[in-house]
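So the chains spell out like this:
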Amino acid sequence: MKIVIINSGSSSIKYQLLEMPSGEVICSGMIDRIGLEGSNLTYVTSSTKLEETLSIPNHKVGLEKIANLLMDEKIGVIKSTDEIEAVGHRVVHGGSDFTNTVRITEDVKEKIKQLFDLAPLHNPANLQGITVAEEIFKSAQQVAVFDTAFHQTIPVVAHQYPIPKHLFTDSKIRLYGFHGTSHKYVSQKAIDYLKQNTKLLGSKIITIHLGNGCSMTAIKDGKSIDHTLGFGPMNGLIMGTRSGDVDQSVIFYLVNTLGYSLDAVNTMLQKQSGMLGLTGYSDLRDIESRAESGDTDCQLALAMNAYRIKKYIGSYAAVLNGLEAIVFTAGIGENSSYIRKLVCTDMDYFGLQLDASKNETRSKEIREINTADSKTKILVIPTNEEVEIAKQVFELLNN
């Protein structure tokens, strides 16, 4: 079964064409920096590696470009869209309606749309991906895999907010959690690795997903028990354009004293804050480059970013009552030795001892970057949400 996987992030699209159930990757690639000057496109097959810098103003243009490459006469991997039996879509917010992978219907699309306000940077892009895929792959079954599903195991003590109870019971206002597909994939890889390399009986792991969007999960025995993102994907860690945690009273001050509208505050916290608000740049590669050149705003922003991650490591180590490993993953987590060094410095109390030379090593494989005597493993595990999505799509369509 040939399955196309579309993973639309807030400023990126990752895609893969896989043969299932073997998991063979026929084609893969991504577009990043969507909406920014100079988007980067990659397209990789067994015989072709295309890298291109071009203008991709939005997700629709990006998805159309990917479809054209898949069917290109010279470098394409399919002759007809009829070869594709299923398209799996990452959808960020499933709310209380979706706790499992589902076939996409008009009703499913309408419910995804109703959740736009809770994930305004993601669900619109996810739905657009579904709409474009329906137009291109007309005979394929469209399937949605939800980021929130993995976090359904978070206990009520952690997922209910201390606000009037009727808002929880009647309006389903609670912590949902996000990046679940990534956290599930890398945590299982980490558990398998630890079982092979340690005398692991249970597992107490913190997974740290760092990209344009960022989140952390406390995972005990393979299950999510707490998570930094909540009702919507904008709190917790400092992100590319999202603020992460702020004091709620700041919002009221902006509205009541400074005269901002609620829409303006929402736009500020979602699209104008985080690393962009601190430095003028949202791409960490730009920020690191400027920090190394002496830009003090960029240096401070990186320090703040790492400080927030450290706070949550401490919090989640307490929740787990122990810690066997922390896992860095996603674009920044896998590639930024700068951030990993900032996070792991002065964390001796938690048994974290970073090996400086290992930290600088780049690899597409699972790797330890801790010293030999470190009590807690520091792992870098490349995420592969697309493979996890393909597994779930295949299982759904074959049951």
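Rules used throughout
Residues numbered from 1 in each chain as written. Predicted model: local features only at pLDDT ≥ 70, side-chain atom pairs only at ≥ 80, totals over all residues. Heavy atoms only, no water. UniProt positions renumbered as here; feature names shortened; annotations may be inferred. Helix = DSSP H or I, 4+ residues; strand = E, 2+ residues; numbered from the N terminus. Rg over C-alpha atoms; globule rule 2.2 N^0.38 Å. Buried < 20%, exposed > 50% of the residue type's maximum accessible area, 1.4 Å probe, protein only. Contact = heavy atoms within 4.5 Å. Areas by Shrake-Rupley, 256 points an atom, 1.4 Å probe, with all protein chains shown as cover. Lys, Arg positive; Asp, Glu negative; His and termini not counted. Charge placed at Lys NZ, Arg CZ, Asp CG, Glu CD. Phe/Tyr/Trp six-rings, centres within 6.5 Å; stacked < 30°, edge-to-face > 60°. Pairing = 2+ DSSP bridges. Arc of directions from axis to C-beta. Core = buried A, V, L, I, M, F, W, Y, C linked by side-chain atoms within 4.5 Å. 1 Å grid on protein atoms, 1.4 Å probe; cavity = no way out; pocket = protein on both sides within 12 Å on 5 of 7 lines; lining within 4 Å. Points joined across faces, edges and corners; volume = space filled by probe spheres on them. Nonpolar A, V, L, I, M, F, W, Y, C, P; charged D, E, K, R; others polar.

Under an unreviewed UniProt entry, the protein chain has the name Acetate kinase and belongs to Flavobacterium erciyesense. Per UniProt, the protein chain carries the Catalytic activity (unreviewed entry) text "acetate + ATP = acetyl phosphate + ADP". Taken from UniProt, the Subunit (unreviewed entry) comment for the protein chain reads in full: "Homodimer."

Glancing now at the overall build of the protein chain. A tally of helices and strands in the protein chain yields 15 helices and 14 strands. The globule rule puts the C-alpha radius of gyration for 399 residues at 21 Å, and the 21 Å found for the protein chain is close to it. Taking the principal axes of its C-alpha atoms as reference, the protein chain extends roughly 55 × 55 × 45 Å. Scored against the burial criterion, the 399 residues of the protein chain give a buried share of 52%. Considering only intrachain contacts with a sequence separation of at least 6, the fraction spanning at least 24 residues in the protein chain is 64%. With an accessible surface of roughly 18300 Å², the protein chain has 50% of that area assigned to carbon and sulfur atoms. Of the side chains in the protein chain, 40 bear a positive and 46 a negative charge, and the two mean positions are spaced by 4 Å.

Moving on to the packing of aromatic side chains. Going through the model one piece at a time under the given rule, you end up with 4 aromatic pairs. Pairing tyrosine 176 with phenylalanine 231 gives two aromatic rings, centres 6.1 Å apart and planes at 35°, and the pair type is tilted. Taken as a pair, tyrosine 176 in the loop between helix 5 (165-169) and helix 6 (180-197) and phenylalanine 231 in the loop between strand 11 (223-227) and helix 7 (248-256) lie far apart in primary sequence, 55 residues in all.

What follows is about the sheet that holds strand 6 (residues 86-91). What the 8 strands build is an open sheet, ordered 5-4-3-2-1-6-8-7; its pairing is mixed. Edge positions in the sheet fall to strand 5 (49-54) and strand 7 (102-103), since each of these pairs with one other strand and no more. Looking at chain direction, strand 4 (residues 39-44) and strand 5 are connected through 6 bridges and run antiparallel. Residue pairing for strand 5: asparagine 40 is matched across the bridge by threonine 53.

Listed in full, the buried residues belonging to helix 13 (residues 337-344) are Ser337, Ile339, Arg340, Val343 and Cys344. Buried residues along helix 13 cover an arc of 160° about the axis, so they all sit on one side. Aspartate 346 sits one or two residues past helix 13 and shows a positive phi near 60°.

What follows is about the nonpolar core. The nonpolar side chains of soluble globular proteins are, as a tendency, buried together. Membership of the largest hydrophobic core comes to 40 residues, with the highest contact counts inside it found for Ile206, Ile208, Leu210, Met216, Ile313, Ile326 and Phe328. Put simply, the parts of the chain that give this core at least two residues each are strand 9 (204-210), strand 10 (214-220), helix 10 (284-292), helix 11 (296-320), strand 12 (325-329), helix 13 and strand 14 (377-380). The residues touching isoleucine 206, leaving out its near neighbours within four places in the chain, are Met216, Thr217, Ile313, Tyr316, Ala317, Leu320, Leu323, Ala325, Ile326 and Val327. Formed by 26 residues, the second largest nonpolar core is a distinct cluster that contains Leu17, Leu63, Ala67 and Leu70.

Let us now look at unusual backbone geometry. Cis rather than trans, the peptide bond between methionine 20 and proline 21 has omega equal to 15°. Its identity is not glycine, yet arginine 33 carries a phi of approximately 55°, on the positive side. Positive phi outside glycine occurs at aspartate 346, with the angle close to 60°. By the element assignment, aspartate 346 lies in the loop between helix 13 and helix 14 (356-360).

A word on the pairing of strand 4. Where burial is concerned, the two faces of strand 4 differ: the one with Ser39, Leu41 and Tyr43 is buried and the one with Asn40, Thr42 and Val44 is not. With 5 bridges connecting them, strand 3 (residues 24-32) and strand 4 associate as antiparallel partners. Within the sheet, the bridge partner assigned to serine 28 lies in strand 4 and is valine 44. Counted along the chain from strand 4 to the antiparallel partner strand 5, the turn is 4 residues long.

This brings us to empty space enclosed by the protein. Tallying each qualifying case throughout the model produces 2 cavities of 30 Å³ or more. Size it by volume and the largest cavity reaches roughly 90 Å³. Every residue lining the largest cavity is listed: Val4, Ile6, Tyr15, Leu63, Ile66, Ala67, Leu70, Gly129, Val132, Ala133, Ile136 and Phe137. For the lining of the largest cavity, the secondary structure elements donating two or more residues are strand 1 (2-8), helix 1 (59-70) and helix 3 (123-136). In terms of residue class, the lining of the largest cavity is made up of 11 nonpolar, 1 polar and no charged. A volume near 40 Å³ is recorded for the second largest cavity. Taken together, Gly211, Cys214, Met239, Gly240, Met275, Ser282, Asp283, Leu284, Ile287, Asn305 and Ile332 make up the full set of residues lining the second largest cavity. Partitioned by chemical class, the residues of the lining of the second largest cavity number 6 nonpolar, 4 polar and 1 charged.

Here the focus is the pairing of strand 6. Counting buried positions along strand 6 gives 6 out of 6 residues, so the element sits mostly inside the fold. Residues Ala86, Gly88 and Arg90 point to one face of strand 6 and Val87, His89 and Val91 to the other, with burial holding for every one of them. Pairing analysis gives 4 bridges linking strand 1 to strand 6, with the strands arranged parallel. When the sheet's bridge partners are listed, isoleucine 6 is paired in strand 6 with histidine 89. In this sheet, strand 8 (residues 141-146) lies alongside strand 6 in parallel orientation, the contact comprising 6 bridges. Its bridge partner being in strand 8, alanine 86 is matched across the sheet by glutamine 141.

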